[in-house]
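Here are the chains, one letter per residue:
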Amino acid sequence: MRSGRRVLDAVPAWVEAHRDAARRSFQRRLQAPVLSLISIAVLGFILTLPAFLWVLLDNARALSAHIDHDPRIALYLDDVAPETAAELERHLETDARVERWTWIDADEALERYREGLSDPGLLDWLDANPLPDVIDVVPATADPATVTALREELEALAPNATVISDDEWVRQLNSLHQVGLRILTVVGALLGLGAVLILALATASELRERREEIAISRISGATHRFLRRPSLYGGLLTGFGGGVFAGILLLVGIALSRAPLEQAAAAFAFEFELGLPGASHLLSLMLAGLFLGWLGARLGSGHALRDAP
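Q: Any chance you could explain the overall build of the chain here in plain terms?
A: A tally of regular secondary structure across the chain gives nine helices and four strands. Going residue by residue from the N terminus, the α and β elements of the chain occur as α-α-β-α-β-α-β-α-β-α-α-α-α. Among the 309 residues that make up the chain, the fraction classed as buried is 33%. Nonlocal contacts in the chain, meaning residues at least 24 apart in sequence, comprise 83% of its contacts between residues at least 6 apart. As displayed, the chain offers around 18800 Å² of accessible surface, 62% of which is attributable to carbon and sulfur atoms.

Pasting the structure below:
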C-alpha cells in the first residue's frame with residue numbers, strides 16, 4: 001500500500017517535470033525560429049518522397065484492376081474420351097477456385113470462324129472439322145499460385161488435352177509490384193536514416209552550445225535523464241512539424257500531378273482518377289515524423305551528453 005501511494009504521490013511531480021521540459025524546449029524553438037523551420041522542412045521533404053512514391057504505386061495497382069485481364073485457362077480436348085470430359089465438367093462445377101467455365105463446341109467454333117471470313121466458301125474444301133472442343137475456364141482469383149495449381153490439376157485430370165494458361169500477365173504485374181515495393185522500402189529506409197542522422201547532428205550541436213549550462217546543472221545534481229528530456233521533446237516537436245509539412249506537400253504534389261496522369265490514362269482509354277491519401281496514410285506520415293524526430297534527438301543528445309563535462 002505504501003509503495004503504491006508513493007507512486008501516486010510521484011505522478012504529479014513527474015507530469016510537472018515533463019511539462020516543464022516541453023515548455024523549455026518549445027521556448028528554445030521560438031528563440032531560433034529559422035533553424036527550427038529548416039529542420040522541420042528538411043524532415044518534411046524527406047518524408048514526402050517515399051509517401052508520394054507509395055501513393056503512385058498504390059494507384060498504379062488500382063489502375064491495373066480496371067484492365068480486363070482476367071486470367072484464363074483453355075483446355076483443347078483433341079483426343080479426350082467422353083468419360084474424361086464428363087469428369088472435367090463435374091470437377092469444374094464443384095471447384096471453388098473456378099468462377100465460371102464455358103464449353104465451346106467444335107462445330108459452333110467453326111461456324112463462328114466461318115462467319116468472320118470475308119468468303120465463307122474458303123472452308124468448303126475441308127473434309128472434317130479440324131477444331132477441337134474447348135473448355136474456357138475463368139479462375140475466381142488472379143493469384144498466380146492458385147491459377148498454377150488449378151492448371152496443373154486440370155492437366156492431371158485430362159492428360160491428353162492441351163492446356164494453355166494466359167496468367168503470365170499476372171506474374172508480370174505481381175513482379176513489378178514487388179519490385180516497386182522493394183525499391184520503395186530501400187529508398188524510405190535510406191531517407192529515414194539520413195533524417196535521423198541530420199536531426200542527431202542538430203541536437204548534438206544544440207547541446208554543445210549549452211556546455212556551460214549543462215555543467216552547472218550537473219553540479220546542481222541534474223541527472224542525465226533530466227538534461228536529455230528537453231531535447232527529446234524538441235525532437236518530437238520537429239517530428240510533428242515535419243509530419244504536418246510532409247502531409248501538406250503530399251497533397252499539393254498529388255493535386256499538381258492529378259490532371260497530367262488522368263489525361264495520360266485517358267489517352268490509353270483507361271478510366272483512372274488519382275486517389276488522395278486517406279486519413280490512415282496521413283496518420284502514418286505523422287507517426288513516422290514523430291518517431292524519426294524522437295530517435296534523432298535521442299541519439300544526438302546521448303552522444304553530446306556523454307562528451308559534455
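We are not done yet, so read on.
Q: Help me understand a nonpolar patch on the surface, please; the structure alone is not making it clear to me.
A: A cluster of nonpolar side chains, namely Val34, Leu35, Ile38, Val42 and Ile198, defines an oily patch on the protein surface of about 450 Å² accessible area. Ranked by the residues each element gives to the nonpolar patch, the list is headed by helix H2 (residues 33–65), at four residues. Within the secondary structure layout, Leu35 lies in helix H2. For Leu35, a relative accessible area of 60% translates into the label exposed.

Q: In this structure, what is going on with the packing of aromatic side chains? I would like to understand it.
A: Any aromatic ring pair is given by two values, namely how distant the centres are and how the planes are angled relative to each other. All chains considered together, the criterion is met by one aromatic pair. Between the aromatic rings of Phe45 and Phe245, the centroid separation amounts to 5.5 Å while the plane-to-plane angle is 70°, which identifies the pairing as edge-to-face. Note that Phe45 is positioned in helix H2 and Phe245 in helix H8 (residues 224–267), a separation of 200 residues in sequence. Classification of Phe245 as partly exposed rests on a relative accessible area of 26%.

Q: Just checking my understanding: could you explain the pairing of strand E3 (residues 133–139) for this structure?
A: Side-chain direction in a regular strand flips from residue to residue, so the side chains alternate between the two faces of the sheet. Most of E3 is tucked away: six of the seven residues are buried. Relative to E3, strand E1 (residues 73–77) is paired through five bridges, and the arrangement is antiparallel. Across the sheet, the residue bridging to Ile73 is Val137, located in E3. Where strand E2 (residues 98–104) and E3 come together, six bridges link them in antiparallel fashion. The partner of Arg100 across the bridge, within E3, is Val138.

Q: Help me understand helix H3 (residues 82–94) in this model?
A: At 3.6 residues per turn, the α-helix brings residues three or four places apart onto the same side. If you check H3, its first and last C-alpha atoms are 19 Å apart, about what 13 residues at 1.5 Å a residue would give, namely 18 Å. Within H3, burial applies to Ala85, Leu88, His91 and Leu92. One side of H3 holds all its buried residues, which, seen down the axis, span an arc of 120°. Across from the buried face of H3, at angles greater than 90 degrees, the exposed residues are Pro82, Glu83, Arg90, Glu93 and Thr94. Where the residues of H3 are buried, they touch E1, E2, E3 and helix H5 (144–157).

Q: I would appreciate a short explanation of the nonpolar core in the present structure.
A: Soluble globular proteins tend to pack their nonpolar side chains together in the buried interior. One finds Ile73, Leu75, Leu77, Leu88, Ile135, Val137 and Leu154 to be the most contacted residues of the largest nonpolar core, which totals 16 residues. Sorting the residues of this core by element identifies E1, H3, E3 and H5 as the ones contributing at least two each. With residues up to four places along the chain from it excluded, the contact list for Ile135 reads Ile73, Ala74, Leu75, Leu77, Leu88, Leu92, Trp101, Thr102 and Trp103. Of all hydrophobic cores here, the second largest spans 14 residues; its members include Leu43, Ala51, Ile254 and Leu285.

Q: Looking at this model, I keep getting lost on the pattern of salt bridges. Mind explaining?
A: Side-chain pairing between opposite charges can occur once the charged atoms of the two side chains come close. Enumeration according to the criterion identifies four salt bridges in this entry. A salt bridge links Arg100 to Glu99, with the shortest nitrogen-to-oxygen separation between them at 3.4 Å. A network of salt bridges, in which partner residues are shared, links Asp95, Arg97 and Glu153.

Q: Where do I start with the side chain of Ser231 in this structure?
A: Secondary-structure assignment places Ser231 in helix H8. On the basis of relative accessibility, which here comes to 4%, the residue Ser231 falls in the buried class. When near neighbours in sequence (up to four residues on either side) are disregarded, Ser231 contacts Thr203, Leu207, Ala297 and Ser301.

Q: Explain the sheet that holds strand E4 (residues 162–165) to me, please; I cannot follow it from the model alone.
A: Paired through backbone hydrogen bonds, the strands of a sheet run either parallel or antiparallel to each other. Read from one edge to the other, the open sheet built from four strands follows the order E2-E3-E1-E4, with strand pairing classed as antiparallel. If you trace the sheet from one side to the other, it starts and ends with E2 and E4, each paired once. In this sheet, neighbouring strand axes are inclined to one another by 15° on average, regardless of whether the strands run parallel or antiparallel. Strand direction decides the pairing type here: E1 and E4, joined by four bridges, are antiparallel. Opposite Ile73, over in E4, you have Ser165 as the bridge partner.

Q: Please explain the side chain of Ser301 as it appears in this structure.
A: In this structure, Ser301 sits in helix H9 (residues 279–307). A residue is classified by how much of its surface remains accessible, and Ser301, at 0% relative accessible area, is buried. At 3.2 Å, the side chain of Ser301 forms a polar contact with the backbone oxygen of Arg298. Non-local contacts of Ser301, meaning those with residues more than four positions away in its chain, are made with Thr203, Leu207, Arg228, Ser231 and Leu232.

About the criteria used
- Residues numbered from 1 in each chain as written.
- Predicted model: local features only at pLDDT ≥ 70, side-chain atom pairs only at ≥ 80, totals over all residues.
- Heavy atoms only, no water.
- Helix = DSSP H or I, 4+ residues; strand = E, 2+ residues; numbered from the N terminus.
- Buried < 20%, exposed > 50% of the residue type's maximum accessible area, 1.4 Å probe, protein only.
- Contact = heavy atoms within 4.5 Å.
- Areas by Shrake-Rupley, 256 points an atom, 1.4 Å probe, with all protein chains shown as cover.
- Patch = residues over 30% accessible without salt bridge, like charges linked within 9 Å, V, L, I, M, F, W, Y side chains within 5 Å.
- Salt bridge = Lys/Arg side-chain N within 4 Å of Asp/Glu carboxyl O.
- Phe/Tyr/Trp six-rings, centres within 6.5 Å; stacked < 30°, edge-to-face > 60°.
- Pairing = 2+ DSSP bridges.
- Expected span 1.5 Å × (residues − 1).
- Arc of directions from axis to C-beta.
- Core = buried A, V, L, I, M, F, W, Y, C linked by side-chain atoms within 4.5 Å.
- Axes fitted to C-alpha atoms, helices over the stretch in contact; angles between N-to-C directions.
- Polar contact = N/O pair within 3.5 Å; in protein donor to acceptor, adjacent residues only side chain to side chain.

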